[in-house]
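Each chain, letter by letter, is given below.
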Amino acid sequence: DTTVKQNPRYKLARVGKPVNLICSQTMNHDTMYWYQKKPNQAPKLLLFYYDKILNREADTFEKFQSSRPNNSFCSLYIGSAGLEYSAMYLCASSRGRAEVFFGKGTRLTVV
Amino acid sequence: QQQVRQSSQSLTVWEGETAILNCSYENSAFDYFPWYQQFPGEGPALLIAIRSVSDKKEDGRFTIFFNKREKNLSLHIKDSQPGDSATYFCAASRASGSWQLIFGSGTQLTVMP
């Protein structure tokens, strides 16, 4: 099974409210990633876990948090959603530098 | 500054033609270049990839041509089919240090029957 599962597929959130997105994989991959995708823009890497070590990109450091309670699960947390957070959020996983597998994404709309 | 650039946001070809999707990059430390294919409602999936030691990689109807000196590459889809209609992302990663994929903004390919 090479599936990365994301829940929910669609999420509606209010400005100022928290948002929690969930991702899981059963491939025993050591690395899990979160990308943000806006229309006509490249998927942008927000953060990734290599094993238990969290790496966040410099320009999104304070905006997103994440946890990885075990090898299979990873969450993306937004403490206070703003309109600019409306986007598709793609979770992915890999074993080191090997092929990266993507989930179908969660479409977040902030109103 | 965009490190991986795809010159066309969209491309339309007729069934049976060869579709050519272009990509360029800025960081000479990149050494691995995958192309991802994404259908509506699905996540991106790896289609074909090339390493910088090669100048060509072929897999069925899909071929990557790579020019290290010019820092560009292209994906050729021979005998395009309507089922090839999708968004294609060019990506790149480095040999050492941070290996995470850096993506281009994608080219939406439409193959007309």
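Scroll up for the structure.
Here is a short report on the structure shown in this document. Remember, it's a predicted structure, so these values are computed and weren't measured experimentally. (Residues numbered from 1 in each chain as written. Chains lettered and ligands numbered in written order. Predicted model: local features only at pLDDT ≥ 70, side-chain atom pairs only at ≥ 80, totals over all residues. Heavy atoms only, no water.)

Here's the deal with the state of the cysteines
Inspection of every chain in the model, using the stated rule, returns 2 disulfides over all chains. At a sulfur-sulfur separation of 1.9 Å, the disulfide partner of Cys-23 of chain A is Cys-91 of chain A. Here the disulfide of Cys-23 of chain A and Cys-91 of chain A is left-handed, its torsion about the S-S bond being about -80 degrees. With a gap of 68 residues between them, Cys-23 of chain A in strand S3 (residues 19–25) and Cys-91 of chain A in strand S9 (residues 87–94) connect regions that are remote in the sequence. In this structure, Cys-23 of chain A and Cys-91 of chain A share a single accessibility class: buried. With its sulfur 2.0 Å from that of its partner, Cys-23 of chain B forms a disulfide with Cys-90 of chain B. Disulfide Cys-23 of chain B-Cys-90 of chain B: torsion about the S-S bond near -75 degrees, hence left-handed. Taken together, the positions of Cys-23 of chain B in strand S3 (residues 19–25) and Cys-90 of chain B in strand S9 (residues 86–94) put the pair 67 residues apart, joining distant regions of the chain. Judged by its relative accessible area of 3%, Cys-23 of chain B is buried. The class for Cys-90 of chain B is buried, based on a relative accessible area of 0%. Of the cysteine sulfurs around Cys-74 of chain A, a residue in no disulfide, the closest is that of Cys-91 of chain A, at 5.9 Å. (Disulfide = S-S within 2.5 Å. Helix = DSSP H or I, 4+ residues; strand = E, 2+ residues; numbered from the N terminus. Buried < 20%, exposed > 50% of the residue type's maximum accessible area, 1.4 Å probe, protein only.)

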